[in-house]
Amino acid sequence: MINPETSHVRNCVPTQIVECAWSEEERLSALDAYDIIGSLPELAFDDIARIAALTFNAPIAVVSFVGRDSLWFKSEIGLGANETPREISFCTHAILQKGLFVVRDATEDERFSCNPLVTGEPHLRFYAGAVLRTESGLPLGTVCVLDRVARPDGPTPMQAEILETLARRVMRELEFRVERRFLEVALATMDQGLMMIEADGRVPIINSRAAELLGLPVDFTESRPRLEEIVAFQKEHEEIARTGDDLRRYVEQESMHASRFDHEHTRPDGTVLEVRTVPVAGGGLVRTFTDITNRKAAEDEIWRMANQDVLTGLPNRAAFTKRLNEALEKAEADGTTVSLLLIDLDEFKDVNDLLGHDAGDELLRQTAARLSALARPCDMVARIGGDEFAFILVGPLTLDNAARFAEHLVDELRATFDYQGLVLSTKASVGVAAFPDHHRDAAELMKDADIALYRAKAEGRTRAVVYNELAREIIHQRVRILHEVREGLACGEFLPFYQPKIDLQTGRITGFEALARWRKPDSGLVTPAYFGSAFADFEVAIAFGEMMIQRIAADLRSWSDAGLEFGTIAVNTSSAEFADPQLAQRFLKILDDHDVPTNRIEIEITESVFLGRCPEMIAATLQNFHDHGVRIALDDFGTGFASLMHLKQFCVDHLKIDQSFVRDFLVDTGDAAIVEAVIGLGGSFGLEVTAEGVETPEQAERLLALGCNYAQGFLYAKPMPGTRVPWHIENWEAVGDKGRAGQPFVPKLAHGGR
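Structural notes, computed from the coordinates. (Residues numbered from 1 in each chain as written. Predicted model: local features only at pLDDT ≥ 70, side-chain atom pairs only at ≥ 80, totals over all residues. Heavy atoms only, no water.)

Looking at the layout of surface pockets
Using a probe with the size of a water molecule, rolled over the atoms, empty space left in the structure can be pinpointed. Computed from the structure, the second largest pocket encloses a volume of approximately 810 Å³. Lining the second largest pocket are 29 residues; nearest its centre among them are Met158, Ala306, Asn307, Asn316 and Ala318. At the level of secondary structure, the elements contributing two or more residues to the lining of the second largest pocket comprise helix 3 (43–56), helix 6 (157–185), helix 11 (293–307), helix 12 (317–334) and strand 13 (380–383). Broken down by element, the residue count for the lining of the second largest pocket peaks at 6 residues, all from helix 3. Tallied by class, residues from the lining of the second largest pocket come to 14 nonpolar, 8 polar and 7 charged. (1 Å grid on protein atoms, 1.4 Å probe; cavity = no way out; pocket = protein on both sides within 12 Å on 5 of 7 lines; lining within 4 Å. Points joined across faces, edges and corners; volume = space filled by probe spheres on them. Helix = DSSP H or I, 4+ residues; strand = E, 2+ residues; numbered from the N terminus. Nonpolar A, V, L, I, M, F, W, Y, C, P; charged D, E, K, R; others polar.)

Looking at the packing of helix 16 (residues 442–458) against helix 17 (residues 469–490)
Where helix 16 meets helix 17, the axes come as close as 10 Å, and the angle between the chain directions of the two elements is 90°. Classified by the interaxial angle, the pair formed by helix 16 and helix 17 is roughly perpendicular. Listed contacts from helix 17 to Glu444, Lys447, Asp448, Ile451, Tyr454 and Arg455 of helix 16 are Ala471, Arg472, Ile475 and Arg478. Here the residues of the contact of helix 16 with helix 17 are counted per class, giving 4 nonpolar, no polar and 6 charged. (Axes fitted to C-alpha atoms, helices over the stretch in contact; angles between N-to-C directions. Parallel < 35°, antiparallel > 145°, perpendicular 65-115°, else oblique. Contact = heavy atoms within 4.5 Å.)

Structural notes on the sheet that holds strand 12 (residues 337–345)
Within the open sheet, the 5 strands sit side by side as 13-14-12-17-18. Their pairing is mixed. Since the sheet does not close on itself, it has two edges, and those belong to strand 13 and strand 18 (464–466), each with one partner. Neighbour-to-neighbour, the strand axes of this sheet turn through a mean angle of 20°, independent of strand direction. When strand 17 (residues 428–435) meets strand 18, the two strands line up parallel, connected through 3 bridges. Its bridge partner being in strand 18, Val430 is matched across the sheet by Ala464. (Pairing = 2+ DSSP bridges.)

Let's talk about the pairing of strand 17
Of all 8 residues making up strand 17, 8 are buried, and the element is well covered by its neighbours. Bridge count between strand 12 and strand 17: 8 bridges; the pairing is antiparallel. Directly across from Asp344, in strand 17, lies its bridge partner Ser429. Read as a crossover between parallel neighbours, the route from strand 17 over helix 16 to strand 18 is left-handed. (Buried < 20%, exposed > 50% of the residue type's maximum accessible area, 1.4 Å probe, protein only. Right-handed = clockwise from strand over helix to strand, strands pointing away.)

Digging into helix 2 (residues 24–34)
Within the sequence span of helix 2, burial applies to Arg27, Leu28, Ala30, Leu31 and Tyr34. Burial along helix 2 is one-sided: seen end-on, the buried residues are contained in an arc of 160°. One or two residues past the end of helix 2 sits Asp35, with phi positive at roughly 55°. (Arc of directions from axis to C-beta.)

Re empty space enclosed by the protein
Under the definition given, this model contains 3 cavities of 30 Å³ or more. Volume-wise, the largest cavity comes out at about 130 Å³. If you go around the largest cavity, you meet 16 residues; those closest to its centre are Leu71, Phe73, Leu79, Leu117 and Leu146. Of all the secondary-structure elements, those providing two or more residues to the lining of the largest cavity are strand 1 (60–66), strand 2 (70–77), helix 4 (90–94) and strand 6 (139–147). In terms of residue class, the lining of the largest cavity is made up of 13 nonpolar, 3 polar and no charged.

Thoughts on the pairing of strand 9 (residues 261–266)
Relative to strand 10 (residues 272–279), strand 9 runs antiparallel, the two being bridged by 6 bridges. Paired with His263 across the strands is Val275, a residue of strand 10. Counted along the chain from strand 9 to the antiparallel partner strand 10, the turn is 5 residues long, and its residue Gly270 has a positive phi close to 95°.

Observations concerning a nonpolar patch on the surface
Residues Leu187, Met196 and Ile205 make up a contiguous nonpolar surface patch of about 190 Å² in total accessible area. With respect to the secondary-structure elements, Leu187 resides in the loop between helix 6 and strand 7 (193–197). What makes Leu187 partly exposed here is its relative accessible area of 32%. (Patch = residues over 30% accessible without salt bridge, like charges linked within 9 Å, V, L, I, M, F, W, Y side chains within 5 Å. Areas by Shrake-Rupley, 256 points an atom, 1.4 Å probe, with all protein chains shown as cover. Salt bridge = Lys/Arg side-chain N within 4 Å of Asp/Glu carboxyl O.)

A closer look at the environment of Arg226
Structurally, Arg226 can be placed in the loop between helix 8 (218–222) and helix 9 (227–236). A residue is classified by how much of its surface remains accessible, and Arg226, at 30% relative accessible area, is partly exposed. Between the alpha carbons of Arg226 and Glu198 there is a distance of 9.4 Å; along the sequence they are 28 residues apart. Each residue touching Arg226, except ones within four places of it in the same chain, is listed here: Asp200, Gly201, Arg202 and Val203. One polar contact links the side chain of Arg226 to the main-chain carbonyl oxygen of Asp200, over a distance of 2.4 Å. (Polar contact = N/O pair within 3.5 Å; in protein donor to acceptor, adjacent residues only side chain to side chain.)

Focus: the packing of aromatic side chains
All told, the structure shown has 18 aromatic pairs when counted by the stated rule. Measuring from centroid to centroid gives 5.3 Å for Phe494 and Phe531, while their planes differ by 70°, and the two rings are edge-to-face. One end of the pair, Phe494, is in strand 19 (residues 494–503); the other, Phe531, is in helix 18 (residues 528–531), with 37 residues separating them in the sequence. On the numbers, 4.9 Å between centres and 70° between planes, the contact of Tyr498 with Trp559 is edge-to-face. (Phe/Tyr/Trp six-rings, centres within 6.5 Å; stacked < 30°, edge-to-face > 60°.)

Concerning the sheet that holds strand 11 (residues 285–291)
Strand order across the open sheet formed by 5 strands is 8-7-11-10-9, with antiparallel pairing between neighbours. The open sheet has two free edges, formed respectively by strand 8 (205–206) and strand 9, since each of these has just one partner strand.

Describing the pattern of salt bridges
On inspection of all chains with the given rule, the structure shows 46 salt bridges. Across the pair Asp147 and Arg151 runs a salt bridge, and its minimum N-O distance is 2.9 Å. Here Asp147 and Arg151 have matching classes, each one buried. The residue Lys330 makes a salt bridge to Asp334 at a minimum N-O spacing of 2.6 Å. Remark: Asp334 and Lys330 occur in helix 12; sequence separation between them is 4 residues, near one turn of the helix. Given a relative accessible area of 45%, Asp334 falls into the partly exposed group.

Right, here's the structure in full:
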């Protein structure tokens, strides 16, 4: 018994009294009627606790009953006690709830943070309990799982459903115990078959239920047959001949000194019997037969829920993981191969968003059916995630065979199908990995296939890609950089540098672009060329963007206070930031906090933003910025996938020509055509145009002649820290009225520069 010091209990928040439709005396009376407290262990309850522990992967699972003063455990795994005081039990709280009671982290819950079961052994952190409730609604106890580690996410919906199913099963077992207790008194009407066998093989008692369960005629049982006659009858009618032989040997050879013998038997008609044989002191046996067909069906259902995807009928991730480990173990022993294909549907979210979840579900079912049709009996197809499937190919197949099969699979999935008059298709990307070509460990092989799948998506989707080590190295590098960036953010190592934007006609500074730099302690000043991949991570992108706008706003406030005219500051944003519907609100609040006018800011976006999954949200965010006076610039125009429709659909004010086109446009006719087209496009749409990467006066002259408005580049200045901007502005000499018509501005600092 767990017996804590009561002083700890007095420090805890007391149990809240909840109004219930039942009284405590009614509840205790119902509990007493089941005569369960103090009873011996039973296999059915032990199985329930075991299934609960396995379902939650938890070290502790309990079938408990809440008595007047204590919590008593009918079955427990991992606790090492049979009861605990009621006043400190989690289950006391659970029975007051209508549904599942979950404590994700007991140390954070004022009801349990000072509970001795939390502060001391067994150091509980997580609890989930489903109430054992009678048909009249009286709570008797719980089926619960506990862990010494907090689980902030709580149970999954499937785990919760299984736990409540187990609670209902406990109640069925309790009802069955009541029936069995009464039926033991009246053998003639008992629901359990019973057979008593004497040491010499005579069978003096076979009740009517046993005759029914064994398929024995009444007149045959009334003739007091011997055991061998019963076995012969069962063999003749193909009933339980094998187990009959086992029983005969058990009686003849072991009856005097044997232990209990239990087994299950399935009759030809599908009835499942739990057969229990118990030796009697002085010789002989008692054998009982219990119809556990419904219980087995419930267990099978629980197994299916734990191992099978409900929507598609395919094995789920748990079953897949087990099968992959088995296949790899066998392949290693037999010298054969295992190929793993990870399959991700390319347009599943679009179908869900545009056509609804019913269409998405049908897409998943169609995919499952097509994949299953391609599988051999020795293979496995599983659904391991929302729109992700896995295919295990076993046998003497080479990696090339698996790659060709994956390409065939992509083609097969591409075929269209009809859904409510619409034509849909299951386009997919596939990553391929294999043993022994790649890793032997199942988890590592999964990583291999996942990396290959990532490459398939990066290369354009709807294709199959085979894993190679270089891809893993690239992923590892990205993971390492992501970790470094997180540390850099925590240490405040990122800051904006500023590059001026110049009016090609007047030479005046019309603004600056804020460019991210990283003062990396071990590397000096680092540009986004090194750390830009980290912005694919939503949390990093949000934290980075917020840090940059905070520092930019602080710089602008400082320059304004100094009376500097710095124009408009362009702020770069990442695609991931636009997944946050609060992006505009957050930025605008920071500007307001620093008293920075919104017309001093220009948001730069790349064309990849338009490829986001929620164009309506992107449009709303840009419109919010625009409505508050923030200008929108489309950066690196011409390098991505933007269309003219985007210029009409989204409120863009400014186009920036990527430096990759500007660099050689004086000598490369292709680049020249693109530069001229973008400038013309900007003029047609009434947009300002800035050329990036301008390095020579000749480039500036040509851009001015083509009608380009502004230029940025090393011809004018390299990016500089915010502390350098005031000096640069004060020492900048523009052409002004001294400029010649049609001639570009050539920079010259008034005092020679530093």
